[in-house]
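Per-entry structural report
Chain by chain, the residues:
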Amino acid sequence: MNYRIDKVGIVGAGTMGGGIAAHLANIGIPVVLLDIVPPDLSEADRQKPAARNRIVNTLYDRMVKARPANLARADRGDLITLGNLEDDFDKLADCDWIVEVIVEQLEPKQALMARLEAIRKPNAIVSSNTSGIPIGQIAAGRSAEFRAHFLGTHFFNPPRYLKLLEIIPTDDTAPEVTEFMKRFGSEVLGKGVVVCKDTPNFIGNRFFAVASSYGLEHALEQGYSIAEVDAITGPVIGRPKTATFRLLDLVGLDVMAHVNKNLYAAVPQDAYREVLRPERTGALMETMIGNKWLGNKSGQGFYKQERVNGGKEFWALNPGSMAYEPAPKIRFESVGAVRNVENLGERLRKLLQFDDRAANYARDLLYYGFAYAAYVTPEIAYRLSDVDNAMRWGFGHEAGPFEMWDMLGVRETAEKMEAAGFEVAPWVKEMLAGGHDCFYKSNGGRSDYDFETKRYRPLERDQNVILVSDLRAAGKTVERNSSASLHDMGDGVALFEFHAKMNAIDQDIIDMAFKALERLDSDFDALVIGNNGEHFCAGANLFAVGVAAAQGQFDALDKMIKMLQTATFNLRHAPKPVVTAPHGMALGGGVEMAMAGWEAVADHESYMGLVEFGVGLLPAGGGCKETLRRKVNPVMRAANADVLPPLQEAFEQIAMAKVGASAWEARALGYLSPQDTIVMNSDHRLARAKQRALQLVAAGARPPEVEKIYAAGRDALYALKLGVKSLLWGNFASEHDAKIAGKIAHVLTGGDISAPAWVDPWYILDLEREAFLSLLGEEKTRERMMHMLQTGKPLRN
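Figured I'd write up the structure that's included with this text. (Residues numbered from 1 in each chain as written. Predicted model: local features only at pLDDT ≥ 70, side-chain atom pairs only at ≥ 80, totals over all residues. Heavy atoms only, no water.)

1. A word on the overall build of the chain
Which entries qualify depends on this criterion: A helix here means a DSSP run of H or I that spans at least four residues, while a strand means a run of E at least two residues long, and both kinds are numbered starting from the N terminus. For the radius of gyration, the atom set is restricted to C-alpha positions; the globular benchmark scales as 2.2 Å times the number of residues to the power 0.38. Burial classification: accessible surface area is computed with a 1.4 Å probe over protein chains only, and a residue below 20% of its type maximum counts as buried, one above 50% as exposed, and the rest as partly exposed. Computed by Shrake-Rupley with a 1.4 Å probe, the accessible areas treat only the displayed protein chains as cover when residues are assessed. Counted charges follow a simple rule, with Lys and Arg positive, Asp and Glu negative, and His plus the chain ends left uncounted. Charged side chains are reduced to one point each, which is NZ for Lys, CZ for Arg, CG for Asp and CD for Glu.
In terms of helices and strands, the chain carries 32 helices and 26 strands. Computed over the C-alpha atoms, the radius of gyration of the chain is 28 Å, within 12% of the 28 Å expected from 2.2 N^0.38 for a compact globule of 797 residues. A principal-axis box enclosing the C-alpha atoms of the chain has dimensions of 80 × 70 × 60 Å. The buried share of the chain, reckoned over its 797 residues, is 54%. By element, 51% of the accessible surface of the chain is carried by carbon and sulfur atoms, the whole surface being about 33,900 Å². Across the chain, the centroid of the 90 positively charged side chains sits 2 Å from that of the 102 negatively charged ones.

Written out as structure tokens, the structure is:
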């Protein structure tokens, strides 16, 4: 059976149902979203469609207004059809996939399945998003054909942003349905897919609930403060900045308590379940929930935002006094010693050598996590790699428990765990006794240890994934400096990778750009610009630029900026295909690099914007020139066109530092072109970029022609400056804001030319560079740059 999903029905429009609907709409898949008719309607209202759809409409509006945004762009909501379960149930009849996201009670779910069986088309897939009810029970009593097409699909909230999708087949699910949903989840939905056993809370939430409850209990028992725990359990041990208590505030204390209560009852056989009991944290959780201190949604939880001297501060709860106090700067010798160690394994090994409060807490937390992972994995997972993937994709951990155990040495760590009173699962001891000293091996491909067969099994390799670490390990690096590398991707395609801090552009990256062009000319057929880092490129290295400016090295800065402009210009017009692959943040110079190709293959979660205004500058790596080429040029090729609307749009985009909050918004802003590709799974981005580069080679494509740029001239400059003056007079902008905006207007209109003209692109590039350097000479600009470096926030002076 060849399955396709061209239309999806979702029953239940709450937080998860609405989020799943938005994610599907972002992809371009039409969705029918249904919820119940309000039970308390008057007789008159029961005849009114608007009243009957009140619940679904209210929930949809809440989904649209939620932040971070569920919809990648506003018009994607047009793909979602709203309705109710009485009047519109038949709209599910032609859906290829129907997702149940209703109340977490077995009987309503089973009743819904009976109704769906009566109207679904043959071979339509039906799934449940439950996390607490056995999947097999939900479809009990349905036909064999229905059960063959039924499984669990557990998304993590918010579905647009969290990568993990747990798929839970039952004993009756057809294998081809499971395989199709795995492929659809990865390739279309862009998810990291883990297949789970049908056990309570599946993999991610089962492990997290128990491990996080231990972390909370242990911290309280040992007298750690809220701020201390979060200083220890964030990036230092490979976890997000939300660490422990900020994450619980984000999740919601009531949600955590509800999950723990249900899980405790559902796993009587779990030897670790006692940690889930609320009394294990004393009266703390009970008091906080009773006070409605539920976390972010109630305005306070373990942290509370306070107004101090006109600014905002986050104060932490003191569990002893139940009062909020200013969070002090937390300093531990161990944390300070390892904070800048880039490699996680090396960082953990070095951290655990210390004997201070931070190292001791981290050691206990990690050992407990290792112990519980080994204990519970045979029950919840088919292979241990699925547990690691679930923690990385669902919770943003840099590595899962078995990966970290490998980093520390399995045998050595197991001995230390037992000495410290932590259990080591029998299968791990058996593995070690059999001479297997690690959970993963990498002999000609990665394998993980199979606790059932007692041997290693090769991991499935996604052919759409290209990892820079694999290229490096295979000796495919052909050029390298401290900030960038050039790798051979195979098939005649090179990869230009940034690997500086935040991938910020510095002289080494610029130098490598020229080396990439040189090697492209002599050794390769095409070039991809991209990386596997957290972000594509966060802009220029402000610290290096600021230091050079403070030392008066303006000739050197002029040379460096000219080199950057030349690099982006030459990449854009290279004689062989250049495909950029932006993802995450592509800001300032990162946007300029993303636009410096023939085409782009962008992750759908790409946040792109020319944000230089925030540090008192303007784009000078080709950003002003490209904005004019992409926004003004197309309009002005038409007869009798009015330049002011597109010019005003370009000016506001740069002067207001607008950032597209998705690849689709970046396309609307012009940072991505209509022909550029948007991929849902960022792991596939480099492979897709390579594939597109090879397609351009095979097609014999010619490089983009060098276009002249439309410069609107003096009258348009005066019009833009009048608008700036109006903002200044109305106190909506500072004097320095006005100065920066005036420089931007000067560049975008062509400087001092008296009448509109089509000019050489280097005329605009020279104006960019001159304006950038003149602003860099301003003391107020350098103040803004230092403030951004110190606080991460813009300063308006």
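2. Points about the packing of aromatic side chains
Inclusion rule: Two aromatic rings from Phe, Tyr or Trp, using only the six-membered ring of Trp, form a pair when their centres are within 6.5 Å; if the ring planes differ by under 30 degrees the pair is stacked, by over 60 it is edge-to-face, and anything between is tilted. Either the NZ atom of lysine or the CZ atom of arginine qualifies as a charge over a ring when it sits within 6 Å of the ring centre and within 35 degrees of the ring normal.
Applying the stated criterion across every chain yields a total of 30 aromatic pairs. A network of ring pairs unites the aromatic residues Tyr-367, Phe-370, Phe-402, Trp-405, Phe-422, Trp-427, Phe-439, Tyr-449, Phe-451 and Tyr-456 as a single cluster. The ring of Phe-314 carries the charged tip of Arg-246 above its face, separated from the ring centre by 5.6 Å. The ring of Tyr-440 has Arg-446 lying over it, and the distance from NZ or CZ to the ring centre is 4.1 Å.

3. Details of the pattern of salt bridges
Applicable threshold: What counts as a salt bridge is simple: a side-chain nitrogen of Lys or Arg found within 4 Å of a carboxyl oxygen of Asp or Glu.
Going through the model one piece at a time under the given rule, you end up with 54 salt bridges. A salt bridge links Glu-86 to Arg-52; its shortest N-O distance comes to 3.0 Å. With a gap of 34 residues between them, Glu-86 in the loop between strand S3 (80–84) and strand S4 (97–100) and Arg-52 in helix H2 (residues 49–52) connect regions that are remote in the sequence. The partner of Lys-109 in a salt bridge is Glu-100, and the shortest N-O contact between them spans 2.4 Å.

4. Let's talk about the side chain of Ser-186
To keep things clear, this is the line we draw: Here a residue-residue contact requires only that any non-hydrogen atoms of the pair lie within 4.5 Å.
Mapped onto the elements, Ser-186 comes out in helix H7 (residues 175–187). Taking relative accessible area as the criterion, Ser-186 reaches 13% and is therefore assigned buried. The contact partners of Ser-186, leaving out residues within four places of it in the chain, are Lys-191, Val-193, Asp-462, Asn-681 and His-684.

5. Focus: the pairing of strand S21 (residues 599–603)
Here is the key point about a regular strand: its side chains alternate between the two faces of the sheet. The test is simple: Strands pair, by our definition, only if DSSP identifies at least two bridges between them.
Burial within S21 is extensive, with five of its five residues counted as buried. Of the two faces of S21, both are covered, the one formed by Glu-599, Val-601 and Asp-603 as well as the one formed by Ala-600 and Ala-602. Where strand S19 (residues 578–580) lies against S21, two bridges are found, and the strand directions are parallel. The residue bridging Thr-580 from the neighbouring strand is Ala-600, located in S21. Both S21 and strand S24 (residues 677–679) contribute to a ladder of three bridges, which runs parallel. What sits directly across from Ala-602, in S24, is Ile-678.

6. Overview of the sheet that holds strand S20 (residues 584–587)
The sheet built from three strands is open, its strands ordered S20-S22-S23 with mixed pairing. What marks the edges here is a single partner per strand, and that holds for S20 and strand S23 (659–660). Pairing geometry for strand S22 (residues 606–609) and S23, over two bridges, is antiparallel. Pairing of Gly-609 across the sheet is with Val-659, part of S23.

7. Quick word on the side chain of Asp-356
Rule in force here: N or O atoms closer than or at 3.5 Å make up a polar contact, with two conditions inside protein: a donor-capable atom paired with an acceptor-capable one, and, for residues adjacent in sequence, both atoms drawn from side chains.
Position of Asp-356 among the secondary structure elements: in the loop between helix H14 (344–351) and helix H15 (357–380). The side chain of Asp-356 sits in the buried core without any salt bridge; Arg-363 is the nearest counter-charge, 7.1 Å away. At 2.9 Å, the side chain of Asp-356 and the side chain of Ser-334 are in polar contact. A polar side-chain atom of Asp-356 sits 2.9 Å from the main-chain amide nitrogen of Ala-359. Asp-356 has contacts with Phe-332, Glu-333 and Ser-334, leaving out every residue within four places of it along the chain.

8. A look at helix H17 (residues 401–408)
With respect to burial, H17 is a largely interior element, six of its eight residues being buried. Residues Pro-401, Phe-402, Glu-403, Met-404, Trp-405 and Leu-408 constitute the buried set of H17.

9. Regarding unusual backbone geometry
Look at the link from Arg-67 to Pro-68: it is a cis peptide, with omega at 5°. Residue placement: Pro-68 occurs in the loop between helix H3 (54–65) and S3. The omega torsion across Asn-157 and Pro-158 is 0°, close enough to zero to call that bond cis. Looking at where Pro-158 falls in the secondary structure, it is placed in the loop between strand S6 (150–155) and strand S7 (164–169). Phi angles above zero are rare outside glycine, and Asn-731 is one such case at about 60°.

10. Digging into the pairing of strand S8 (residues 192–195)
So the rule is basically this: Orient the strands so they point away from the viewer, and a crossover whose first-strand-to-second-strand path over the helix runs clockwise is right-handed.
Burial along S8 is two-sided: Gly-192 and Val-194 and Val-193 and Val-195, pointing in opposite directions, are all buried. Note: S7 against S8, four bridges, orientation parallel. Paired with Leu-165 across the two strands is Val-193, which belongs to S8. On the question of chirality, the crossover connecting S7 to the parallel S8 by way of H7 is right-handed.

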